[in-house]
Amino acid sequence: MCIRDRCSPDLDGQTVTVEASENGGSADVLNLGLANERTNQFRPGLLKEVFDAGNAFAAWCNEAGGIGGLELNMVDIDGKGIDVASAMVTACEQTFGLVAGGFVQDNLVFTDDPTSDFHGCGLIAFPAFAASPEFSGANGVVQNIPNVTGDRSTASLETIQREWPDEMENFLIVYPDLPSLEPQTRQIEATAATLDGVSVLDSISYDALGSTDWNIVAQNVVSSGATAVQFVGEPTNIGLLHGKLQEQNWDGVFFADANLYDELSITSAGPEAVEGVLIASVIGNYTSPEDGSAAAQMADILDTYGPNDAKLAAFTAQSFSAFALFVQSANECAAANDYVLTRQCVVEAGLEVDEWDGGGLHAPTEPGTPLTNTCVVLIAIRNGEFEVTLPEPDEDEDYLCFDPGHVEVDGDFGEGVV
């Protein structure tokens, strides 16, 4: 990972500063908001990994000199799950922008109150992830792994269909009833419907913030006739549902996306409950990385600069990648703007990036276009461990890539706030 080379005590012999009026009044320290929800009363510790990763990356970068001598100061923007508006007051008052973190309900950053509204106070963001169409499509947001409304990756679905064509003939999604995530579910449905041989059944929702009877959800899956299920949600729930499906002797293919590439998926309900679960991930192997790889360096940085209880997960890689993209963009901005950072200048530099892999942490993406990713790695949970199954170990490629690997889908999926 050569990203640290972009952190330095000066840039072309000049010290970088920042426009104070866009940085909480300071020109000497760069104040960056780290969005997270680790004190979420419904799911304590949610997104702790992005909080740990963002702080570790900043400390690592500061030791190398910061951004051209400009020290990074991370500001805790804890949305607590349902109190994003209050957290945004702090972001607006104190920070240059939101970097390397995220909110599950990131649509709530738009409050229509100039003291807390993302656009109202002129913030920018280089988030670890963007969940809602309102935020992912907003101006001022640069995504390292783009989530694009209407332009959807087919890579995950094509991978599952290639390996389990019969099961994909009856496909449904189980998803949380959050306004920020329902549009994503509808887009997955629309994407699956474009694939020959896939019949999309009615999706099944569950209570994201309250108490869910997973027996009933499992019964609904079985009675639907589904033989392939994509789970949308958080790691603490995947084993609860899959375990109940096992109890009811359901025999199908069960898979999820990269955010479930998390040790909590295994430990929350126990390894037996998730045996055979598949994860189609844009994030490469971070649980048993090769020596000297970007993932191995990331783990070492987190161990050295993170807290004693630092959490390592797929979102760690997304956070590191987002931060690295911000640092590169800030350097480009500074070099072109008399070594002074402004929000608009940094965003414009970020949108010039047409190829990005986080220094080797994930499949190639196009932040500036943006286009959704067209490559995945397929990971299985076996005997309590994550095991990369595709590409096969003897293949030279790190990811399965598809051409074109994405499709335009029509529907009322929401749109970015601009």
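Look up a bit, the structure's there.
Residues numbered from 1 in each chain as written. Predicted model: local features only at pLDDT ≥ 70, side-chain atom pairs only at ≥ 80, totals over all residues. Heavy atoms only, no water.

Draft legend 1. Spotlight on the state of the cysteines. The final tally for this structure, using the stated rule, is 4 disulfides. The side chain of C7 participates in a disulfide bridge whose partner is C61; the two sulfur atoms lie 2.1 Å from each other. Disulfide C7-C61: the torsion about the S-S bond is -105°, which places it as left-handed. Of this pair, C7 sits in the segment before β1 (17–18) while C61 sits in helix α1 (residues 48–63), and the two are 54 residues apart along the sequence. Taken N- to C-terminal, the disulfide-bonded cysteines of the protein are connected 1-2, 3-4, 5-6, 7-8. (Disulfide = S-S within 2.5 Å. Helix = DSSP H or I, 4+ residues; strand = E, 2+ residues; numbered from the N terminus.)

Draft legend 2. How the structure looks around the pattern of salt bridges. All chains considered together, the criterion is met by 12 salt bridges. Of the charged contacts in the structure, one is a salt bridge between E49 and K311, with a shortest N-O distance of 3.3 Å. Residue E49 is located in helix α1, and its partner K311 is located in the loop between α9 (294–305) and α10 (314–336); the two are separated by 262 residues in the primary sequence. A relative accessible area of 3% means that E49 is categorised as buried. (Salt bridge = Lys/Arg side-chain N within 4 Å of Asp/Glu carboxyl O. Buried < 20%, exposed > 50% of the residue type's maximum accessible area, 1.4 Å probe, protein only.)

Draft legend 3. How the structure looks around a negative patch on the surface. A contiguous patch of negative charge on the surface is contributed by E290, D291, E392, D394, E395, D396, E397 and D398. If you trace the backbone, D396 turns up in the loop between β14 (385–390) and β15 (400–401). (Patch = residues over 30% accessible without salt bridge, like charges linked within 9 Å, V, L, I, M, F, W, Y side chains within 5 Å. Areas by Shrake-Rupley, 256 points an atom, 1.4 Å probe, with all protein chains shown as cover. Lys, Arg positive; Asp, Glu negative; His and termini not counted. Charge placed at Lys NZ, Arg CZ, Asp CG, Glu CD.)

Draft legend 4. Quick look at the packing of aromatic side chains. Under the counting rule described, the total for this entry stands at 16 aromatic pairs. With centroids separated by 6.5 Å and ring planes inclined at 70°, the aromatic side chains of F96 and F326 adopt a geometry described as edge-to-face. Remark: F326 occurs in helix α10 and F96 occurs in the loop between α2 (84–94) and β4 (97–99); sequence separation between them is 230 residues. Given a relative accessible area of 0%, F96 falls into the buried group. The buried category is assigned to F326, whose relative accessible area is 0%. (Phe/Tyr/Trp six-rings, centres within 6.5 Å; stacked < 30°, edge-to-face > 60°.)

Draft legend 5. Representation of the pairing of strand β9 (residues 228–231) within the structure. The alternating pattern of β9 places A228 and Q230 on one face and V229 and F231 on the opposite face, and all of these are buried. Two strands pair when backbone bridges link them, and strand β7 (residues 171–176) and β9 are joined in this way by 4 bridges, in the parallel orientation. Pairing of I173 across the sheet is with Q230, part of β9. What joins β9 to strand β10 (residues 253–256) is helix α7 (residues 235–247), and the crossover it makes is right-handed. (Pairing = 2+ DSSP bridges. Right-handed = clockwise from strand over helix to strand, strands pointing away.)

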